[in-house]
Amino acid sequence: MVRANGAVSLRELARVVQTSEVTVRRDVRALEAEGLLDRRHGGAVLPGGFTRESGFPQKSHLATAEKTAIADVAASLVEEGEAIVVGAGTTTQELARRLARVPGLTVVTNSLLVAQALAHANRVEVVMTGGTLRGSNYALVGSGAEQSLQGLRVSRAFLSGSGLTAERGLSTSNMLSASVDRALVQAAAEVVVLADHTKLGADTMFQTVPTDVITRLVTDEPPAHDDRAATELQALADQGVQIAVAGTGASGGPGGEQAPPGVRPRRDMPLPVQRGRMAAGQYRGPGGGMAAETLERTARVADMRRR
């Protein structure tokens, strides 16, 4: 799966091999020790994946449930008659599909996928930037795109990227995409970042949005025991970023908004903190014995290699 997609979430791996995320995390550590993949927060990537960027076909199959839930929450932020900018990406494409129902909306975008999703929305005006087409993500980039955004002012920008950290903010693996995203940010009064849990803590080459410029983050709930993702969310909240967590099917249904476990929500976003998570080390494999668990882990790792 990692070879085919470039990256995969622990949640998706657990679903495919039909085991728990705790068990998959141990198996991923074993594969990393053999040099077969690199671990990232909430997932795994091909070795040397820091600079590697997956294309649209691969990204469109990653964390689909999470992206759907994130898009539902993000769409609820958009008001009738508003003017916004929407950047390129598979998560923003999901958002665009929901914006078709907002009357009087004006959407400025450099993404062909976003424009296509809104092409038949009679009550939405779509404004495309100029620029050169970047085929891997169907986005317009370059000086033409950046110049067409000069002098523009809208209420909000909705952006996604390849990684998000409290230290550097949002980042991406491509220099041209980063430059256009910065121009989109300059045009907006508020910046909303859409990032699923696999991007939390990931740091890629080119910064697009510094943390102090991000108004709000819409994400999904990190998997249980993903302490690093929870720590990253807390660090973002401590720096003033408003955190909205979209529930997936396993945590209350798409579109449900909640606080990430262990994160203290900002006072202006009073979200309940979930408790009662299983503590680290409580999981026991089928059969409860170490020998049986070791045999099953070996079989799962072999199965993951084949995938």
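About the thresholds
Residues numbered from 1 in each chain as written. Predicted model: local features only at pLDDT ≥ 70, side-chain atom pairs only at ≥ 80, totals over all residues. Heavy atoms only, no water. Buried < 20%, exposed > 50% of the residue type's maximum accessible area, 1.4 Å probe, protein only. Helix = DSSP H or I, 4+ residues; strand = E, 2+ residues; numbered from the N terminus. Pairing = 2+ DSSP bridges. Right-handed = clockwise from strand over helix to strand, strands pointing away. Arc of directions from axis to C-beta. Core = buried A, V, L, I, M, F, W, Y, C linked by side-chain atoms within 4.5 Å. Axes fitted to C-alpha atoms, helices over the stretch in contact; angles between N-to-C directions. Parallel < 35°, antiparallel > 145°, perpendicular 65-115°, else oblique. Left-handed = near helix turned anticlockwise from the far one by under 90°. Contact = heavy atoms within 4.5 Å. Nonpolar A, V, L, I, M, F, W, Y, C, P; charged D, E, K, R; others polar.

Participant: Got a sec to walk through the pairing of strand S14 (residues 216-220)? Specific residues and values, please.
Facilitator: Within S14, 4 of the 5 residues are buried, which leaves the element mostly enclosed by the surrounding structure. Across 5 bridges, S14 lies against strand S15 (residues 242-247) in parallel orientation. Each bridged residue has a counterpart across the sheet, and for valine 218 the counterpart in S15 is alanine 244. Handedness of the β-α-β unit built from S14, helix H10 (residues 227-238) and S15 comes out right-handed.

Participant: A description of helix H6 (residues 90-99) should follow, citing residues and the corresponding values.
Facilitator: Where burial is concerned, most of H6 is hidden: 9 out of the 10 residues are buried. Where H6 is concerned, the buried positions are Thr90, Thr91, Thr92, Gln93, Glu94, Leu95, Ala96, Arg98 and Leu99.

Participant: Report on helix H2 (residues 10-17), specifying residues and quantitative values.
Facilitator: Taken as a whole, H2 has its buried residues at Leu10, Leu13, Ala14 and Val17. Down the axis of H2, the smallest arc covering the buried residues is 100°, so these residues share one side. A positive backbone phi angle near 60° is found at glutamine 18, which sits one or two residues after H2.

Participant: If you had to explain the pairing of strand S4 (residues 83-86) to someone new, which residues and values would you point to?
Facilitator: Direction of pairing for S4 relative to strand S5 (residues 105-109): parallel, over a ladder of 4 bridges. Across the sheet, residue isoleucine 84 finds its bridge partner in S5, namely valine 107. Read from S4 through H6 to S5, the crossover connection turns out right-handed. Pairing analysis gives 3 bridges linking S4 to strand S9 (residues 154-159), with the strands arranged parallel. When the bridges of S9 are listed, valine 85 appears paired with alanine 157.

Participant: I'd like a rundown of the nonpolar core, residues and numbers included.
Facilitator: Judged by nonpolar contacts, the single largest core of 30 residues is most densely connected at Leu164, Val193, Val209, Leu217, Leu236 and Ile243. Counting residues in each nonpolar core, the second largest holds 26 residues, with Ala69, Ile70, Val102 and Val218 among its members.

Participant: Kindly report on the packing of helix H5 (residues 64-75) against H6, identifying the contributing residues and their values.
Facilitator: Direction vectors running N to C along H5 and H6 enclose 50°, while the axes themselves pass 8 Å from each other. Between H5 and H6, the angle is such that the two are oblique. H5 and H6 meet at a crossing whose hand is right-handed. Note on element contacts: H6 touches H5 through Thr90, Thr91, Glu94, Leu95, Arg98 and Leu99, opposite Lys67, Thr68, Ile70, Ala71, Asp72, Ala74 and Ala75. Of the residues contributing to the contact of H5 with H6, the split by class is 6 nonpolar, 3 polar and 4 charged.

Participant: Describe the sheet that holds strand S10 (residues 163-165), with residues and values.
Facilitator: Pairing in this open sheet of 3 strands is antiparallel, and the strands run S10-S11-S13 from one edge to the other. Only two strands of the sheet have a single neighbouring strand rather than two, namely S10 and strand S13 (206-209). When the angles between neighbouring strand axes are averaged without regard to direction, this sheet yields 40°. Examined bridge by bridge, S10 and strand S11 (residues 169-172) share 3 bridges and lie antiparallel to one another. Note that in S11 the partner of glycine 163 across the bridge is serine 171. On the sheet, helix H9 (residues 175-186) packs against S11 and S13 and is oriented at approximately 20° with respect to S13.

Participant: Quick one: what's the story with unusual backbone geometry, residue by residue and with numbers?
Facilitator: A positive phi angle is found at glutamine 18, which is not glycine, with a value near 60°. Position of glutamine 18 among the secondary structure elements: in the loop between H2 and helix H3 (21-33).

Participant: Break down the environment of leucine 170 for me, citing the residues and quoting the values.
Facilitator: Note on placement: leucine 170 falls in strand S11. Taking C-alpha positions, leucine 170 is 9.9 Å from valine 213, a pair spaced 43 residues apart along the chain. Filtering out sequence-adjacent residues up to four positions away, leucine 170 remains in contact with Leu159, Ser160, Gly161, Gly163, Leu164, Val193, Phe206, Gln207, Thr208, Val209 and Ile214.

Participant: Outline the environment of glutamate 79, listing residues and values.
Facilitator: Within the secondary structure, glutamate 79 is located in the loop between H5 and S4. Taking the relative accessible area as the measure of exposure, glutamate 79 reaches 52% and is therefore exposed. Note: C-alpha distance between glutamate 79 and proline 103 (24 residues apart in sequence) is 8.6 Å. Setting aside its immediate chain neighbours within four residues, glutamate 79 contacts Val102 and Leu105.

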